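# A structural walkthrough
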Amino acid sequence: MRKLDRREFLTVAAGTAAGLAGTGLQRERREIFDLVISGGHLVDPAAGMNAALDIGITGGRVVQIAEHILPSEGRRVIDATGRIVAPGLIDVHVHVFDGVAQVGIQPDLIGVARGVTTLVDGGSAGATTFPGFRDYVARQARSRVYALLNISMPGMTVPNELTDLRYVDPEAAVRTIEENRDIIVGIKVRMLAGIPGGGDVEVMRLTREAADAAAVPITVHIGGQTSPLPRILDFLRPGDVVTHALRRQGSILDERGRVYAEVREAMARGIHLDVGHGRGNLDFDVAEAVLDQGIMPTTISSDVHRGNVAGPVFDLPTTLSKFMNMGMTLEQVITAATAAPARIYDFGEPLGTLTPGAAADIAIFDLVEGAHEFMDSGGKRRSGEQGLVPYAAFRSGRDFGSITR
Ligand SMILES: [Zn+2]
C-alpha cells in the first residue's frame, strides 16, 4: 500500500470541506480528520516505522501519518504524549466460544478493551459447531474475530476432541472452510494426551489432507503427542505454525535442553513457532533457554480464556511484557503480535499495520516503568522493569469505550 500524497489527500477531504462551507465556519481549506492521535511514539514494524508520529483518521481508515498534525485538524483528538502507539494487536491464540466450548470467554473482554483488535480463536469450533461460533460469537463481537477450524468436528465442545478418531473428517473441515473463508484462516489440530494408540500421526495425516485441499495453514498444538516431535513436524509445510512451543513437557527442547535440530530445520523452511501461553504452556526456564539459543517465537499469543484471564495470563499485552522482560525488544514483541500474524494468516485485508489506507485499528499503551512481577503457567515468578499497559484502542477508528483512564 502506498501513502496518499497531499493533493490526493485533499480530494479525499473535499467532502468534509464542502460540508462546512455553507455554515460559514470554513476559514481555510484545511484537512479535517475524524480523529487525530497526536504526540505518541508510533511502532509499526510492518511499515518500518518507529518514531514520534501523529495519525490522522477519517472514515475508519488511516489517511495520514505525519510528524505533526495540528489538534485543530481533528474533530476528536487523543493525546498520546508519552505513550506507545501501535497497530491494534493480533492475538493468534484465544478461546472465545463463550458458553459453548471449554473455557470460552467473551471476546470483547480480552479484545479491543485490551488493545487487541483482532482475535483468532484456536480451534474452539469444528465443522459441526462452526455455524454457532460464526453467528453468536464472531458476528456479535466488536473486536475482529477469526478462527482456526478444529480438525475434529465438535471442536472443543467435548472434553478431548481426539479421543474418538471418527470425529476427524477432513471433507467436513474443507466444506466448512469453503463456506466461511471470510473468517476461517487456518486449521487447528491439538496433540492432546489421550489420542488413542499411535493416532497422533494418523490425525496429522488427515489434517495435512484437509489443509492442502482448503489451502490454509495448519496450527499444531504440541505437548501430548505420543510420537517424537520431529515425526509431527514432518507433516508441516512452510507457513504452518507450532503452538505451545515454550511449554515444559513435549516442548521444542530435547532431553539435553537443546532446541531439536529438526525444529531449526523446520524454521529454516518457513514453519513458525507460536507461544500460546495459556494455563500450561509457557515455562520461563524453557523460554529463556530457547531465546538464549538464538531462537525467537514468530508470533506471541496469549491462549487467554476463562481459566487464565484472572492470571497467570491476563491478556496479550501482559504476555508481551513477559517477553520484553526476557530480553526481546518492544519492537520485536510488537512485530510478533502485528506484522508476523498478518504475514501468516490471510485476514482478507491488511491488518497489523497503520499504513495510509489501512483500517484504523490502533492500540495505545503506557510503557510503565517500575517493579512488575510476572508469572508463568507453572507459577514461576520473574520480576521485571517494564509493563505494557493498554490505555485505549480503536477498531476502524471507533474506541468502543476502550479508553481506560
Ligand atoms: Zn489453546
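Residues numbered from 1 in each chain as written. Predicted model: local features only at pLDDT ≥ 70, side-chain atom pairs only at ≥ 80, totals over all residues. Heavy atoms only, no water.

### Quick word on the overall build of the protein chain
- When helices and strands are tallied, the protein chain shows 11 helices and 16 strands.
- A globule of 405 residues ought to have a C-alpha radius of gyration of about 22 Å, and the protein chain, at 22 Å, matches this closely.
- Seen along its three principal axes, the alpha-carbon backbone of the protein chain occupies a region of about 80 × 45 × 35 Å.
- Each of the 405 residues in the protein chain was classed as buried or not, and the buried ones make up 59%.
- In the protein chain, once contacts between residues fewer than 6 apart in sequence are set aside, the share between residues at least 24 apart is 73%.
- Counting only carbon and sulfur atoms, one obtains 50% of the accessible surface of the protein chain, whose full area is about 16100 Å².
- The averaged location of the 49 negative side-chain charges in the protein chain is 3 Å from the averaged location of its 41 positive side-chain charges. (Helix = DSSP H or I, 4+ residues; strand = E, 2+ residues; numbered from the N terminus. Rg over C-alpha atoms; globule rule 2.2 N^0.38 Å. Buried < 20%, exposed > 50% of the residue type's maximum accessible area, 1.4 Å probe, protein only. Contact = heavy atoms within 4.5 Å. Areas by Shrake-Rupley, 256 points an atom, 1.4 Å probe, with all protein chains shown as cover. Lys, Arg positive; Asp, Glu negative; His and termini not counted. Charge placed at Lys NZ, Arg CZ, Asp CG, Glu CD.)

### A few points about the packing of aromatic side chains
- This model, assessed by the stated rule, comprises four aromatic pairs.
- Plain terms: the ring middles of Phe97 and Phe133 are 5.4 Å apart, the flat faces sit at 90 degrees to each other, and that makes the pair edge-to-face. Of the two residues, Phe97 sits in the loop between strand 8 (89-94) and helix 2 (107-110) while Phe133 sits in helix 3 (residues 130-138), which places them 36 residues apart along the sequence.
- The class for Phe97 is buried, based on a relative accessible area of 3%.
- Note on Phe133: relative accessible area 0%, which makes it buried.
- Relative to Phe133, the ring of Phe130 has its centre 5.5 Å away and its plane inclined at 35 degrees; by these criteria the two rings are tilted. Within this pair, Phe130 and its partner Phe133 are both found in helix 3, separated by three residues, close to a single helical turn.
- Accessibility expressed as a relative area gives 1% for Phe130, which makes it buried.
- Among the aromatic residues, ring-to-ring pairing joins Phe97, Phe130 and Phe133 into one connected group.
- If you follow Arg83 out to its NZ or CZ, it ends over the ring of Tyr391, 3.6 Å from the centre. (Phe/Tyr/Trp six-rings, centres within 6.5 Å; stacked < 30°, edge-to-face > 60°. Lys NZ or Arg CZ within 6 Å of the ring centre and 35° of its normal.)

### Focus on the sheet that holds strand 4 (residues 54-58)
- Pairing is mixed across the open sheet formed by four strands, whose spatial order is 5-4-1-6. The open sheet has two edge strands with one neighbour each: strand 5 (61-66) and strand 6 (74-79). Put simply, the sheet's adjacent strands are angled 20 degrees from each other on average, direction ignored. (Pairing = 2+ DSSP bridges. Axes fitted to C-alpha atoms, helices over the stretch in contact; angles between N-to-C directions.)

### Observations concerning the nonpolar core
- Ranked by internal contacts, the top residues of the largest apolar core, which has 98 residues, are Val96, Phe133, Val189, Val220, Leu246, Ile252 and Phe323.
- Sorting elements by how many residues they give to this core places helix 5 (residues 199-214) first, with seven residues.
- Among all residues touching Leu246, those that are not within four sequence positions of it are Val275, Asn281, Leu282, Asp283, Val286, Ala287, Val290 and Phe323.
- By size, the runner-up hydrophobic cluster in this structure holds 19 residues, among which are Leu42, Ala80, Ile364 and Phe394. (Core = buried A, V, L, I, M, F, W, Y, C linked by side-chain atoms within 4.5 Å.)

### A look at the packing of helix 4 (residues 170-179) against helix 5
- Where helix 4 contacts helix 5, the two axes come as close as 9 Å, and the packing angle between them is 30 degrees. In this view, helix 4 runs roughly parallel relative to helix 5, as classed from their interaxial angle. Note on packing geometry: the crossing formed by helix 4 with helix 5 is right-handed. Contacts from Pro170, Ala173, Val174 and Ile177 of helix 4 reach helix 5 at Leu206, Glu209, Ala210, Ala213 and Ala214.
- Residue composition of the contact of helix 4 with helix 5, by class: eight nonpolar, no polar and one charged. (Parallel < 35°, antiparallel > 145°, perpendicular 65-115°, else oblique. Left-handed = near helix turned anticlockwise from the far one by under 90°. Nonpolar A, V, L, I, M, F, W, Y, C, P; charged D, E, K, R; others polar.)

### Focus: the environment of Gly39
- Secondary-structure assignment places Gly39 in the loop between strand 1 (33-38) and strand 2 (41-44).
- Expressed as a C-alpha distance, the spacing of Gly39 and Met267, which sit 228 residues apart in the sequence, is 39 Å.
- With residues up to four places along the chain from it excluded, the contact list for Gly39 reads Asp54, Ala80, Thr81 and Gly82.

### Points about helix 4
- Considered for burial, the residues of helix 4 that qualify are Pro170, Ala172, Ala173, Val174, Thr176 and Ile177.
- Lining the buried residues of helix 4 we find helix 3, strand 10 (144-150), strand 11 (184-190) and helix 5.
- The residue sitting at the N-terminus of helix 4 and contributing the capping side-chain oxygen is Asp169; that oxygen lies 3.0 Å from the backbone nitrogen of Glu171. (Polar contact = N/O pair within 3.5 Å; in protein donor to acceptor, adjacent residues only side chain to side chain.)

### Focus on the sheet that holds strand 11
- The strand order across the open sheet formed by seven strands is 8-9-10-11-12-13-14, and the pairing between neighbours is parallel. Each edge of the open sheet is held by one strand with a lone partner, namely strand 8 and strand 14 (272-273).
- Inspection of the sheet shows strand 9 (residues 116-122) paired to strand 10 by five bridges, in the parallel sense. Residue pairing in the sheet places Leu119 in a bridge with Val145 of strand 10.
- Across the face of the sheet, helix 5 comes into contact with strand 11 and strand 12 (218-221) while running at roughly 175 degrees to strand 11.

### Details of the environment of Ala46
- Within the fold, Ala46 resides in the loop between strand 2 and strand 3 (49-52).
- For the pair Ala46 and Thr335, spaced 289 residues apart in sequence, the C-alpha separation works out to 7.4 Å.
- Discounting chain neighbours no more than four positions away, the residues touching Ala46 are Ala339, Gly352 and Thr353.

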